[in-house]
Each structure stands twice: as C-alpha cells, then as structure tokens.
Amino acid sequence: MPAMMHPMLNTAVKAARRAGTIINRASQNLDIIAVTEKTANDYVSEVDRAAEDAIVRVLLEAYPTHSVLAEESGARGKSEFQWIIDPLDGTTNFLHGFPQYAVSIALSHKGVLSQAVIYDPVHNDLFTASRGRGAYLNDKRLRISKRSNLQKSLIGTGFPFREFAHINSYLAMFRDLPQKTSGLRRAGAASLDLAYVSAGRLDGFWEF
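Residues numbered from 1 in each chain as written. Predicted model: local features only at pLDDT ≥ 70, side-chain atom pairs only at ≥ 80, totals over all residues. Heavy atoms only, no water.

Caption draft 1: Molecular detail of the overall build of the chain. Helix and strand content of the chain: five helices and 13 strands. Relative to the globule expectation of 17 Å for 208 residues, the C-alpha radius of gyration of the chain, 18 Å, shows essentially globular dimensions. Counting across all 208 residues of the chain, residues that qualify as buried make up 42%. Relative to all contacts within the chain whose residues are 6 or more apart in sequence, the contacts with residues 24 or more apart total 59%. When the accessible surface of the chain is split by element, carbon and sulfur atoms take 52% of a total near 11300 Å². Computed over 24 positive and 21 negative side-chain charges, the inter-centroid distance for the chain is 9 Å. (Helix = DSSP H or I, 4+ residues; strand = E, 2+ residues; numbered from the N terminus. Rg over C-alpha atoms; globule rule 2.2 N^0.38 Å. Buried < 20%, exposed > 50% of the residue type's maximum accessible area, 1.4 Å probe, protein only. Contact = heavy atoms within 4.5 Å. Areas by Shrake-Rupley, 256 points an atom, 1.4 Å probe, with all protein chains shown as cover. Lys, Arg positive; Asp, Glu negative; His and termini not counted. Charge placed at Lys NZ, Arg CZ, Asp CG, Glu CD.)

Dropping the structure here:
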C-alpha cells in the first residue's frame, strides 16, 4: 500500500472492505439468496443491494455533500465529486459459487477519475490507484506486462451475454485468436480483468 494514501482513497478502501465482508458472508449461503433478473442473463441479488447500501453509507458518512452513481440505485445528489460504484461485478459468477467477482469503486472530480479501488474479497486482493500516484496491488506497485509479442501473450476477453447482434464477429475472433496467442481467458468480471492487465497477470484484454 502506498505510504501516503489519499484520504478519499482510504475511505473507498474502507467501503470496499465493508462490502466484501457482506459478500463473503453471503457466499456461504448461496441457496437462500433472493435473485431477480434485470434483463435476460443480467441478474441482481439482495447481496448486490446490501453491499451497495454499505458502500454508500461509508462514503456519504465521510463526504455527505458528494454525489453517487451506483449500479443498482442509480444517481443521487449533485456535486463536482461523484462516486461511481459497482457493488458486485460478476454477480453471475457469485451466484454460481465461481470465485471471480469484485467490488468496484471510483471517484470522479469534475469529470476526471481521480481515485479507484477494485477489491476481490475471495482472494483478499486490493487494487488501488490515485491519479498521478501510481497503482498498487496490496502493498506492491503495479507493473504491466513487458510482452509485446501477441503469440506469447495471454489475453482476457468477455463473451456476449445480453446483446447478441455481433455474435458472429465474436465467434470469428474466438476461432482466430487462440492460434495467435498463448491463450484466451474469459473469467467473467471485467473490473478484475482490467486490474489483471494492470498487474501483468494478463498481457491484454479485448471486448466489444
């Protein structure tokens, strides 16, 4: 962790960990979680909502004049500071007990992202970034991969799950890319996919 963490980033970390506790506790009782389908193949659970409520509570207790844009509850308040929240990225994974999901929180100041947290509660991986101060995984400074050759690269991707207009283009790329890379991975939580690129765990990521 950077020695001088920005106070707003510190608050976001506290909020993310609070949500992570709720998610981890709920993961022990997946069979009793209430779930609704927002649109085809796009789910929201009572855990998403509970985690979001906990995040918003922590953030607004610290910064009551800030505005919020959240995945489940939408926008509230008007301020030059806006918190952007996905309380459980990878809900489908979570509901199946597939251990790849994360809490995602960012702060925008006058339309420019300034702080960010992605927290993986399963592996206790905390990705943080402050504009101009670099990015970290737990206490280690992040470095992207040095691989510049596609053939030797491990590439992340996402599959269509809600909109299938481009499915044939996707399938053509899925057919082509395994022959030109070290492999493709579709883990199902875009926030973690992108954090993995930052950490050098993936050499790149593509998705429509």
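Caption draft 2: Quick look at the pattern of salt bridges. One pass over the structure, following the stated rule, counts three salt bridges. Between Asp203 and Arg147 there is a salt bridge whose closest N-O contact spans 3.0 Å. One end of the pair, Asp203, is in the loop between α5 (190–198) and β13 (204–206); the other, Arg147, is in the loop between β10 (140–141) and β11 (154–157), and 56 residues separate them in sequence. By relative accessible area, which is 18% here, Asp203 ends up buried. Taking the shortest distance from any N to any O, the salt bridge between Asp176 and Lys180 comes out at 3.2 Å. (Salt bridge = Lys/Arg side-chain N within 4 Å of Asp/Glu carboxyl O.)

Caption draft 3: Spotlight on the side chain of Asp125. Relative to the elements of secondary structure, Asp125 occurs in strand β8 (residues 125–130). A polar contact is formed between the side chain of Asp125 and the side chain of Arg201, at a distance of 3.3 Å. (Polar contact = N/O pair within 3.5 Å; in protein donor to acceptor, adjacent residues only side chain to side chain.)

Caption draft 4: Examining the environment of Ile155 more closely. Topologically, Ile155 is positioned in strand β11. Distance in space between the C-alpha atoms of Ile155 and Phe205 is 5.4 Å, their sequence separation being 50 residues. In contact with Ile155, not counting residues within four places along its chain, are Leu150, Thr181, Gly183, Leu184, Arg185, Leu202, Asp203, Gly204, Phe205 and Trp206.

Caption draft 5: Representation of the nonpolar core. With 31 residues, the main nonpolar core has Ile23, Ile55, Trp83, Ile85, Phe94, Val103 and Ile105 as its most contacted residues. Of all the secondary-structure elements, those providing two or more residues to this core are α1 (7–26), α2 (46–62), β3 (67–70), β5 (81–89), β6 (102–109) and β7 (112–120). The leading source of residues in this core is α1, at nine residues. Formed by ten residues, the second largest nonpolar core is a distinct cluster that contains Ile118, Phe127, Leu192 and Ala195. (Core = buried A, V, L, I, M, F, W, Y, C linked by side-chain atoms within 4.5 Å.)

Caption draft 6: Representation of the pairing of β7 in the model. Bridging between β6 and β7 involves seven bridges; their strand directions are antiparallel. Residue pairing for β7: Val103 is matched across the bridge by Tyr119. Counting the residues in the hairpin turn of β6 and β7 gives two residues, including Lys110, whose phi is positive at 55°. In the sheet, β7 pairs with β8 via six bridges, with the strands oriented antiparallel. (Pairing = 2+ DSSP bridges.)

Caption draft 7: Local environment of the sheet that holds β11. Strands sit in the order β12-β11-β13 across an open sheet of three strands; the sheet is parallel. Each edge of the open sheet carries a strand with a single partner, namely β12 (183–185) and β13. Sheet twist, expressed as the mean angle between neighbouring strand axes with direction ignored, is 30°. Pairing of β11 with β13, which is carried by three bridges, proceeds in the parallel orientation. Pairing of Gly156 across the sheet is with Phe205, part of β13. (Axes fitted to C-alpha atoms, helices over the stretch in contact; angles between N-to-C directions.)

Caption draft 8: Focus on α1. For α1, which comprises 20 residues, the first-to-last C-alpha distance of 29 Å matches the rise-based estimate of 28 Å (1.5 Å per residue) to within 8%. Listing the buried residues of α1 in full gives Met8, Leu9, Thr11, Ala12, Val13, Ala15, Ala16, Ala19, Gly20, Ile23 and Ala26. Looking at the packing, one finds that the buried side of α1 touches α2, β5, α3 (91–95), β6, β7 and β8. (Expected span 1.5 Å × (residues − 1).)

Caption draft 9: Expanded view of a nonpolar patch on the surface. On the surface, Leu69, Ile84 and Leu113 cluster together to form a nonpolar patch covering roughly 220 Å² of accessible area. Locating Leu69 in the fold gives a position in strand β3. For Leu69, a relative accessible area of 36% puts it in the partly exposed group. (Patch = residues over 30% accessible without salt bridge, like charges linked within 9 Å, V, L, I, M, F, W, Y side chains within 5 Å.)

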